Amino acid sequence: MKMKRILLIALTIFTLSTYGQDKYNYVHFNKLTEIVGTEYVIASIEHYGKILKTKSTYLLFINSKTGETNQVDFPIDSRTEKLEQIKIDSLGINLIIVSAKTVDLDGKTGIGWNDPTQIIILSPDGKEKTQLTGNNFFVRTWIVNKLTGNIVVAGHNDTNNNNKYDKTDKSEIHVYDLKTLKLIHKI
């Protein structure tokens, strides 16, 4: 009798869990950002499945005039830290700079707080995506010089490949040209 009850409970739990697999999906629009000088707006989106487990993370570029959309995907457990438009008309620069954790450096536990932050450059319509900094460069801070059109990025390289910041890692400053998206100085 006791075994029948346990079997009945187990089958009931199994039935309920398989029924509820995709029943409770949620899409969160976290933030809307206008792209100045264009018809585009960016929606930051996280798609959650059962028990609030992230199913996808992306930025949706929406043409507010035509309704056309372009989706820029990121790894499931990535973390977008900052999104900023850089528009310098005199230099012909109009880009979106995203700082985000998008690489699971140790390949074991998913993207976490100890993984590096990268700088990613997007076109104002979301059709072009370029990762500016390398996977093992840990970005700490960055700023754009609007006179030169260069981005200055401070951080460190994981020189001993132990996936964390320690005394043997080398702090560096990288300077990138935002027109060519190329590294022009390493200090």
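Residues numbered from 1 in each chain as written. Predicted model: local features only at pLDDT ≥ 70, side-chain atom pairs only at ≥ 80, totals over all residues. Heavy atoms only, no water.

A. Focus on the sheet that holds strand E10 (residues 150-157). If you walk across this open sheet you meet the four strands as E9-E10-E11-E12, and the pairing is antiparallel. Strand pairing shows two members of the sheet lacking a second neighbour, strand E9 (137-145) and strand E12 (182-186), which therefore form its edges. Taken over all neighbouring pairs, the strand axes of this sheet differ in orientation by 30 degrees on average, direction set aside. (Pairing = 2+ DSSP bridges. Helix = DSSP H or I, 4+ residues; strand = E, 2+ residues; numbered from the N terminus. Axes fitted to C-alpha atoms, helices over the stretch in contact; angles between N-to-C directions.)

B. Inspection of the pattern of salt bridges at higher detail. If you walk through the whole model with that rule in mind, you get five salt bridges. When the shortest N-O distance is used, the salt bridge between Lys101 and Glu81 registers 4.0 Å. On the criterion of sequence distance, the pair formed by Lys101 in strand E6 (residues 93-101) and Glu81 in strand E5 (residues 79-88) is long-range, its members being 20 residues apart. For Lys101, a relative accessible area of 7% gives the class buried. Residue Glu81 is classed as partly exposed on the basis of its relative accessible area, which comes to 43%. Its salt-bridge partner being Glu84, residue Lys82 comes within 3.4 Å of it at the nearest N-O pair. (Salt bridge = Lys/Arg side-chain N within 4 Å of Asp/Glu carboxyl O. Buried < 20%, exposed > 50% of the residue type's maximum accessible area, 1.4 Å probe, protein only.)

C. Molecular detail of the nonpolar core. If you look at the biggest cluster of nonpolar residues, it comprises 16 residues, and the most contacted ones within it are Ile97, Ile119, Trp142, Val144, Ile151, Val153 and Leu178. If you list the elements that add at least two residues to this core, you get E5, E6, strand E7 (118-122), E9 and E10. With residues up to four places along the chain from it excluded, the contact list for Ile151 reads Ile97, Ile119, Leu132, Trp142, Ile143, Val144, His174, Val175, Tyr176 and Leu178. Listed in part, the 12 residues of the second largest apolar core include Tyr40, Ile42, Phe74 and Val98. (Core = buried A, V, L, I, M, F, W, Y, C linked by side-chain atoms within 4.5 Å. Contact = heavy atoms within 4.5 Å.)

D. Representation of the sheet that holds E5 in the model. A sheet is described by the order of its strands in space; here four strands give the open sequence E5-E6-E7-E8, paired in antiparallel fashion. In this open sheet, the two strands that pair with only one neighbour each are E5 and strand E8 (129-131). Each strand axis lies, on average, 25 degrees off the axis of its neighbour in the sheet, ignoring direction. Pairing of E5 with E6 involves nine bridges; the strand directions are antiparallel. Within E6, the position partnered with Glu84 by the bridge is Ile97.

E. Just the packing of aromatic side chains, in detail. Scanning the model with the defined rule gives zero aromatic pairs in all. Between the NZ or CZ atom of Lys82 and the centre of the ring of Trp142, over which it lies, the distance is 4.6 Å. One residue, Lys129, lies across the ring of Phe74, its end atom 4.6 Å from the ring centre. (Phe/Tyr/Trp six-rings, centres within 6.5 Å; stacked < 30°, edge-to-face > 60°. Lys NZ or Arg CZ within 6 Å of the ring centre and 35° of its normal.)

Worth remembering: the numbers are spatial, not functional.
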